[in-house]
Every structure is written in C-alpha cells, then in structure tokens.
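Structure assessment
Here is how the chains run, residue by residue.
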Amino acid sequence: MRRSLQLSLFALVLLGLVGGTLAFFLAQKSVTVTVDGQSRSIGTYADTVGEMLEEEGLEPAAHDVVLPAAHQSVSDGDTVILNRARQLELTVDGVSREVYVTALSVDEALEQLGYRAEGLVLSASRSDRLPLDGMALTITTPKNITLVADGQERVVTTTAATAGDLLAEQGLALSETDRTSLYPQQALLDRMRLQVFRVQVSEVPVTSAIPFERVETPDANAFEGDETITQPGQAGEQITTYRVTVTDGVETGREELRTEVTRQPVAEQVTVGTKARPANSPSADGLNWAALAQCESGGRPNAVNPSGRYHGLYQFSVATWQSVGGTGLPSQASPDEQTYRAQLLYQRSGAGQWPHCGSRLFS
C-alpha cells in the first residue's frame, strides 16, 4: 500500500476517535442534587431522574418525596430534590399513631403536621433533629376541662395528659373511697367533664325495739270480754349495724351488716274470760241507768270531764274502771260495756259511787 494511502486511513481513524470522545463528553449533563436540604453538583449521563438517583446510590422509599418524579427525564442544569421521610411514633393527648414526615427537626415536623398552637408540651425539644430512622414524639395540647369538686364547678385550661395528672396539678387529693367520673389513667380531651365524688363509708349502729308477744290464757271464772294482765309485756332491744355510704354529703347506700339482741322481750301474760256474760240491758235490774248517764255525762259515751279524770257515760275514774275489769279508757268502750261495768260497780258498792246522781237510778 502506498504510504500516502496509509496516512489517509490513519487520519480518518484518529478523527473518528476524537469525534466519539467529544460526543461522549458533550452528552454528559450537569445536575444539582439536593438530599434532605444538602446540595451538590454531579455529572450524569442518565436519561431519567430515577436512573440518576440510582447512579448516586440513592433509592427512594415509599414515603420519600422526589422532585421531579422518578420517571421524568433529566436535562443539563436541572435540580433534583430528594426529601427522605422519617417515621414518627406520634402520641397526641394519649392517642397514638404512625406518621411520616420529611421534616428535619421536631419544629418542622410540628409545622408539617399542623400543630401550631402555643403551649404544647412535647417529649422532645423543638430544635432536636429527626434521625432518618425516626423517633417517638408525644404531644400534649392545652384543653379546657370542666372540673367539679367539693361543691365548686369551674373550667380549667391544662396540658395534663390524664385525669389523674389534672387532679394532681390542681392539688385535689383523693381518699381510698373517693371516686371520679373518669379513670385516673384516662386521657383528657378538650371540653371533657371531670367530677370528683367525695365518698365516706362508715358503720352506723341503730337501736330498735323488739315487740313482745301476747300470751292469752282462758279464765272460766271471768266473763267473756274481760281481760286481766297478769304479767306486763316488755319490749326487747336490738342493735343493727349498717354500712352507710355518703356521697357529697348525701346518703347513697345502706347495707345491713349484723344484728345483736341486747335485751330479750318479755311476753305479756293475759287471762281472757270465757264465762257467758249476763244480760246488761239498763232495764234488766229495774234501775234507771239512762237517767244516771244523763245526769253524769249528758248521755255521751265519750264524755271526759275538764280535769281529764272522769270518763264515759257514768264518769268512771280509770282506777275504778279497772277495778271492775275494764281495760283502756272508759270513754273508749262501747255504751253496753260501760253500763255492764256500772252494774258491777253498783252490785259491789251501791249507788253511793255516784254521790250527786246516784238517786236517779231509782227514778
């Protein structure tokens, strides 16, 4: 081959190599990559954002933010932003959930999550940075709680997390028997109502009577209706102990615990007449009982004299009435019984028992 031809071929090969290298160099793009706010410039031949990130060893996770999107083409001079997401174990006023933020600090996370209120109580400083693997963050927000205790009702603004925390904050101590409308561990929410019930439980003894029994014994020598108490009855006594519950000054429960008899009752012993009673008509003995009654009491069976000493149709004293077998008050007995007892008294003592009116019996 002639030398001139060799030189021509060499020149052509050299020109191709130089042109290819120049074309490759010209195809490279200069891109600014910003990862979590840190920027740097890189050169890339990638066609898309996703390919470029892969070249840089950056693999976006599900909650990461990539701008432009991974499938978008990349051009010389572009800026690609990758904000990597942080997982937060977020607890707000006792309610927990998982959230993802691309914030780099606690303060930025609060802004992204919409917690902008003043007075938030946080488990971490606002200036703390969020690690890439996330963190736990507790937020307690100010709440208006209606607090009812010891006869007072008021609205308090608090960042206490639980009902128990609020009671401690307000200096309200509970006894072992006191109760609250919310569990002490219950998380507080805005506009809740927390009521304290002051409960006192005590044992209270109550003394009461035990009624005595009445024991009747037939007496064939006494008239029917005649009764004589041979042994007075006496009520017994017992003490019953109750467990009494008082809530805010009002009794709300009473439970019987035990009963102790301190004195046994004594039965009343009574003899009861069974003998048939004779006729007690005012005319049966030929005496004018109606006239005597009219003179003594105006004929009123329930009459009682002003002194309260004499009773009934024939103005018996209680002692005289009892002496002829009467019980109770004469003025409470039937007219027939009063006449019958008057006849017994006349048979025993005569008309002199009625000094002023006795002569009326013979009229």
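Residues numbered from 1 in each chain as written. Predicted model: local features only at pLDDT ≥ 70, side-chain atom pairs only at ≥ 80, totals over all residues. Heavy atoms only, no water.

One pass over the structure, following the stated rule, counts 16 salt bridges. When the shortest N-O distance is used, the salt bridge between Glu153 and Arg193 registers 3.5 Å. With Glu153 in strand 10 (residues 152–158) and Arg193 in strand 12 (residues 193–197), this pair connects stretches of sequence that are 40 residues apart. With relative accessibility at 41%, the residue Arg193 sits in the partly exposed group. Note that Arg341 and Glu337 form a salt bridge whose closest N and O atoms lie 3.4 Å from each other. Of this pair, Arg341 and Glu337 are both found in helix 7 (residues 335–349), 4 residues apart, which corresponds to roughly one turn of the helix. (Salt bridge = Lys/Arg side-chain N within 4 Å of Asp/Glu carboxyl O. Helix = DSSP H or I, 4+ residues; strand = E, 2+ residues; numbered from the N terminus. Buried < 20%, exposed > 50% of the residue type's maximum accessible area, 1.4 Å probe, protein only.)

Under the local residue numbering, the UniProt record ascribes the feature "domain: G5" (unreviewed entry) to residues 196–276. Helix makes up 0% of residues 196–276 and strand makes up 78%, while its end C-alpha atoms are separated by 74 Å. (UniProt positions renumbered as here; feature names shortened; annotations may be inferred.)

A few words now on the sheet that holds strand 11 (residues 179–180). Across the sheet, 4 strands lie side by side as 10-9-12-11; this open sheet has mixed pairing. The sheet terminates laterally at strand 10 and strand 11, the two strands that pair on one side only. Where strand 11 and strand 12 come together, 2 bridges link them in antiparallel fashion. If you follow Thr180 over to strand 12, its bridge partner there is Val196. (Pairing = 2+ DSSP bridges.)

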